Amino acid sequence: SAAPEIRNDIVVHPVTGPYWHEDSFITTDLRPVYAYHHFPGEILGGGHATVSAMQLRIALTNSLQLVAYKDGWMEVDTPGLNDRGWNDIALGLKWAFIQNDAAQFHAALGVGYEFASGDDNVLQDDDEIRVWLSANKGFGRLHLGATVNYFFATDNGDSPLGDSDHLSWHLHADYQVCDWFSPLIEVNGYH
């Protein structure tokens, strides 16, 4: 009997940087997010933060998607800050302007808005506009992805952390070993 055929269309969605690392595919899905971050003693005196959230993506057409990319509940436990509260809510639209399945190449542009709806006691309550560009390229079983975001501050300076424009970038690589296992590596940068 022949070995089962490996499908090259199974691409792993981004895992790290879940609010800002958006791939170029148009899907309809619900993605739970849970993050735990430990702060070393030199940062905020130690402690940790956790986030529990749910992301929603709805394909409006074959090339346009509604993305609800930020929400959820945050708990922060450090010597300087010990509180819990809601994250801001952020929504956006993503347009996949290149969808070439045969070449395994996809690219998308997006724009989103973060509403100052969260609790400032967990460093939320900050409006901003986000624009992003993402690209994904497959080479058989190897899949590469990149996202670049630019954030425009829109608050009046009353945000808990201050307001400034900033940039983030995210790189992704996964390798499909079989239909149910694909190891990945991701690197994220914030400026």
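Residues numbered from 1 in each chain as written. Predicted model: local features only at pLDDT ≥ 70, side-chain atom pairs only at ≥ 80, totals over all residues. Heavy atoms only, no water.

Draft legend 1. Spatial organisation of the overall build of the protein chain. If you tally the helices and strands in the protein chain, you get zero helices and 11 strands. When the elements of the protein chain are put in sequence order from the N terminus, they spell out β-β-β-β-β-β-β-β-β-β-β. When the backbone C-alpha atoms are referred to their principal axes, the protein chain occupies close to 60 × 35 × 25 Å. For the protein chain, with 191 residues in total, the buried portion stands at 38%. Residue pairs at least 24 apart in sequence account for 52% of intrachain contacts in the protein chain once pairs closer than 6 positions are excluded. As displayed, the protein chain offers around 10,400 Å² of accessible surface, 63% of which is attributable to carbon and sulfur atoms. Side-chain charges in the protein chain split into 9 positive and 26 negative, and the spacing between the mean points of these groups amounts to 12 Å. (Helix = DSSP H or I, 4+ residues; strand = E, 2+ residues; numbered from the N terminus. Buried < 20%, exposed > 50% of the residue type's maximum accessible area, 1.4 Å probe, protein only. Contact = heavy atoms within 4.5 Å. Areas by Shrake-Rupley, 256 points an atom, 1.4 Å probe, with all protein chains shown as cover. Lys, Arg positive; Asp, Glu negative; His and termini not counted. Charge placed at Lys NZ, Arg CZ, Asp CG, Glu CD.)

Draft legend 2. Spotlight on the pattern of salt bridges. By the definition in use, this model includes six salt bridges. Here the salt bridges do not stand alone but share partners, grouping E22, D23, R57 and K94 into one network. (Salt bridge = Lys/Arg side-chain N within 4 Å of Asp/Glu carboxyl O.)

Draft legend 3. Region of interest: the confidence of the model for the protein chain. When pLDDT is averaged along the protein chain, the result is 88; 90% of the residues meet or exceed 70. Per-element confidence in the protein chain ranges from a low mean pLDDT of 90 for strand β5 (residues 82–86) to a high of 97 for strand β6 (residues 89–100). (pLDDT = per-residue confidence, 0-100.)

Draft legend 4. Broad picture of the packing of aromatic side chains. For the coordinates displayed, the defined rule picks out nine aromatic pairs. With a centroid separation of 5.0 Å and 80 degrees between ring planes, the pair formed by W20 and F151 is classed as edge-to-face. Residue W20 is found in the segment before β1 (29–39), and its partner F151 is found in strand β9 (residues 142–153); the two are separated by 131 residues along the sequence. The burial state of W20 is the same as that of F151; both residues are buried. Taking 6.3 Å as the distance between ring centres and 50 degrees as the angle between the ring planes, the aromatic pair formed by W180 and F181 counts as tilted. Taking relative accessible area as the criterion, W180 reaches 72% and is therefore assigned exposed. A network of ring pairs unites the aromatic residues Y19, W20, Y69, W132 and F151 as a single cluster. Over the ring of Y69 we find R130, and its NZ or CZ is 4.5 Å from the ring centre. (Phe/Tyr/Trp six-rings, centres within 6.5 Å; stacked < 30°, edge-to-face > 60°. Lys NZ or Arg CZ within 6 Å of the ring centre and 35° of its normal.)

Draft legend 5. Expanded view of unusual backbone geometry. Although it is not a glycine, Q104 adopts a positive phi angle of roughly 55 degrees. With a relative accessible area of 18%, Q104 lands in the buried category. One non-glycine residue, D125, adopts positive backbone phi at about 70 degrees. Mapped onto the elements, D125 comes out in the loop between β7 (105–115) and β8 (128–139). Assessed through its relative accessible area of 26%, D125 is described here as partly exposed.

Draft legend 6. Examining a nonpolar patch on the surface more closely. A cluster of nonpolar side chains, contributed by L30, M54, L56, I58, L60, L66, L93, V111, I129, V131, Y150 and F152, occupies part of the molecular surface with about 920 Å² of accessible area. Those elements giving two or more residues to the nonpolar patch turn out to be β2 (47–59), β8 and β9. Locating V131 in the fold gives a position in strand β8. When its relative accessible area of 32% is taken as the criterion, V131 is described as partly exposed. (Patch = residues over 30% accessible without salt bridge, like charges linked within 9 Å, V, L, I, M, F, W, Y side chains within 5 Å.)

Draft legend 7. Structural detail: the nonpolar core. In this structure, Y19, W20, V51, A53, Y69, M74 and V76 are the most contacted members of the largest nonpolar core, which totals 15 residues. Counting only elements with at least two residues in this core, the list comes to β1, β2, β3 (64–70) and β4 (73–77). Per element, the largest residue contribution to this core is three residues, and it comes from β2. Not counting chain neighbours up to four residues away, the residues in contact with Y19 comprise V51, A53, Q55, Y69, K70, D71, N87 and R130. (Core = buried A, V, L, I, M, F, W, Y, C linked by side-chain atoms within 4.5 Å.)

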